[in-house]
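# Summary of the model geometry
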Amino acid sequence: MNRRIYMDSSATTPVDPEVNRVMTQYFAEKFGNASSLHSYGREAFEAVQESRRSVANLIGANVEEITFTSGGTESDNLAIVGTVRKLQRKGKDHIITSSIEHPAVLETCRSLEEEGYKVTYLPVDKYGVLNPEDVRSAISESTALITVMHANNEIGSIEPIKEIGEIAKGKGVIFHTDAVQSVGKIPTDVNEMNVDLLSISAHKIYGPKGVGALYVRKGVALQPLIHGGGHEHGFRSGTENVAGIVGLGVASDLARARREEDARRLGALRDKLVELVIREIEESYLNGHPTKRLPNNANFRFTGVEGESLILDLDEKGIAASTGSACSSKKLEPSHVLMAIGLNEVEAHGSLRLSLGRDNTEDDVDYVVESLKAVVQKLRAMSPLWGKTIELERWRKQLHG
Ligand code: PLP
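Residues numbered from 1 in each chain as written. Predicted model: local features only at pLDDT ≥ 70, side-chain atom pairs only at ≥ 80, totals over all residues. Heavy atoms only, no water.

This part is about the domain arrangement of the chain. Domain annotation for the chain reports domain 1 (17–255) and domain 2 (259–396). Summarising the inter-unit geometry, the C-alpha centres of domain 1 and domain 2 are found 30 Å apart. On the side of domain 2, 26 residues touch domain 1, which itself brings 28 residues to the contact. Here domain 1 and domain 2 share an interface that buries about 2,300 Å² over both sides, 60% of which is from carbon and sulfur atoms. Of all residues in domain 1, the largest losses of buried area upon contact with domain 2 belong to Glu154, Ile155 and Tyr206, amounting jointly to 32% of the total for that side. Here domain 1 is connected to domain 2 by zero salt bridges. (Domains from an automatic or database assignment. Contact = heavy atoms within 4.5 Å. Buried area = accessible area lost by both parts, 1.4 Å probe. Salt bridge = Lys/Arg side-chain N within 4 Å of Asp/Glu carboxyl O.)

Before going further, it helps to examine helix 1 (residues 17–24). Structurally, the α-helix is built with 3.6 residues per turn, so residues lying three or four positions apart point the same way. What helix 1 keeps buried is the set Val19, Val22 and Met23. Axial view of helix 1: buried residues confined to an arc of 100 degrees, hence all on one face. Each element contacted by the buried residues of helix 1 is listed here: helix 7 (242–280). Regarding helix 1, its N-cap is Asp16, as a side-chain oxygen of that residue lies 2.8 Å from the backbone nitrogen of Glu18 further along. (Buried < 20%, exposed > 50% of the residue type's maximum accessible area, 1.4 Å probe, protein only. Helix = DSSP H or I, 4+ residues; strand = E, 2+ residues; numbered from the N terminus. Arc of directions from axis to C-beta. Polar contact = N/O pair within 3.5 Å; in protein donor to acceptor, adjacent residues only side chain to side chain.)

A separate point is empty space enclosed by the protein. Tallying each qualifying case throughout the model produces one cavity of 30 Å³ or more. There is about 170 Å³ of room inside the largest cavity. If you go around the largest cavity, you meet 18 residues; those closest to its centre are Gly184, Lys185, Tyr206, Asp262 and Leu266. Per-class residue counts for the lining of the largest cavity are eight nonpolar, five polar and five charged. Inspection of the lining of the largest cavity shows a minimum of three residues originating in each of domain 1 (17–255) and domain 2 (259–396). (1 Å grid on protein atoms, 1.4 Å probe; cavity = no way out; pocket = protein on both sides within 12 Å on 5 of 7 lines; lining within 4 Å. Points joined across faces, edges and corners; volume = space filled by probe spheres on them. Nonpolar A, V, L, I, M, F, W, Y, C, P; charged D, E, K, R; others polar.)

Looking now at the packing of aromatic side chains. Tallied over the full model, the rule gives two aromatic pairs. The interplanar angle of 35 degrees and the centroid separation of 6.0 Å between the aromatic rings of Phe300 and Phe302 together place this pair among those described as tilted. The class of Phe300 is buried, set by a relative accessible area of 0%. The ring of Tyr206 has Arg358 sitting right over it, with the charged end atom 3.8 Å from the ring centre. (Phe/Tyr/Trp six-rings, centres within 6.5 Å; stacked < 30°, edge-to-face > 60°. Lys NZ or Arg CZ within 6 Å of the ring centre and 35° of its normal.)

Here you go:
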């Protein structure tokens with residue numbers, strides 16, 4: 001295996017060399033505790049504050065509205081559990097979410113259901129997009145929180161967050177969005193989006209793993225999950241991960257400077273990838289919305305082929321791809337996102353996510369399409385079901401047009 005192509009940027013991204021360079025200083029040289037009063041501490045504190053400014057600038061927030069966490073998962077947990085615990089004493093015990101959220105949201109909601117909270121999981125259309133009017137209809141006197149992701153990690157569909165935010169604001173309900181996949185890729189301004197809480201993860205934007213942030217609109221009250229010395233405005237105790245936070249800060253500055261150019265370049269590459277795959281490989285389809293999707297996301301399904309086999313064969317050719325979210329791709333159940341957009345289990349198992357990143361080139365796209373074509377052909381030739389499937393597909397098309 002000579003060539004290696006990484007097309008799994010929605011799972012994680014490499015740490016940018018500049019992020020790495022700046023972070024390194026904060027492990028050994030500038031190692032102070034940001035809470036200490038002496039010069040070492042002040043140096044660390046100032047670095048943390050600078051990062052807070054960088055994250056705030058990336059999403060149009062105020063500096064004091066940024067709370068650092070251990071990543072997207074913790075930010076989601078803090079936003080959801082923190083809000084409902086705070087509002088429970090006001091008799092509010094209802095959460096509204098979508099059926100295509102990341103497990104960091106869905107499993108948090110499920111665990112709250114076990115404690116007696118009520119959760120409404122709203123459906124999405126065949127493209128994975130939620131109807132804001134469904135949110136309006138689901139709101140009741142007892143609704144404490146609406147949590148809907150900005151962009152989906154598997155199929156890249158972009159949700160109507162601004163519209164949902166307007167509804168939430170009008171009804172006085174707290175609104176959280178998981179923007180882990182959208183930040184740095186599409187415009188993400190907390191005021192334009194009308195959100196009260198927004199989750200970010202550093203490792204999706206060329207920062208380090210294990211650090212993230214939660215935007216908390218001024219005046220929104222949260223019950224902390226982690227108690228201790230009252231760090232991070234009291235929302236998240238524990239000595240700050242200074243090097244990680246600095247990494248997130250530099251990554252945020254880079255994301256802000258590069259977003260438009262990255263989106264334009266990767267969007268063009270992605271469009272070429274989609275066009276070639278659909279043209280070159282028969283019975284291949286694009287999952288998700290044709291246009292309202294993240295610029296770097298392509299999610300395909302191939303009739304008569306198993307996604308897991310595709311991943312392994314592509315890996316042999318040096319290509320890193322994914323079947324869905326990295327967290328669920330080791331499970332054998334079909335993706336809840338693909339099922340929610342109406343695919344059956346077989347179709348959901350035949351899906352592949354290719355997510356582009358800053359390092360990808362035109363050449364990579366050509367190599368991936370060529371490899372994918374060969375792998376799909378090989379797997380279909382080995383599948384006794386392929387002939388039957390293709391006959392059935394043709395029948396179905398004739399019947400339904
Ligand atoms: N939310 C979304 C939409 C994600 O894609 C991910 C990671 O895949 C997370 C949350 C979790 O973020 P982290 O890996 O930083 O915990």
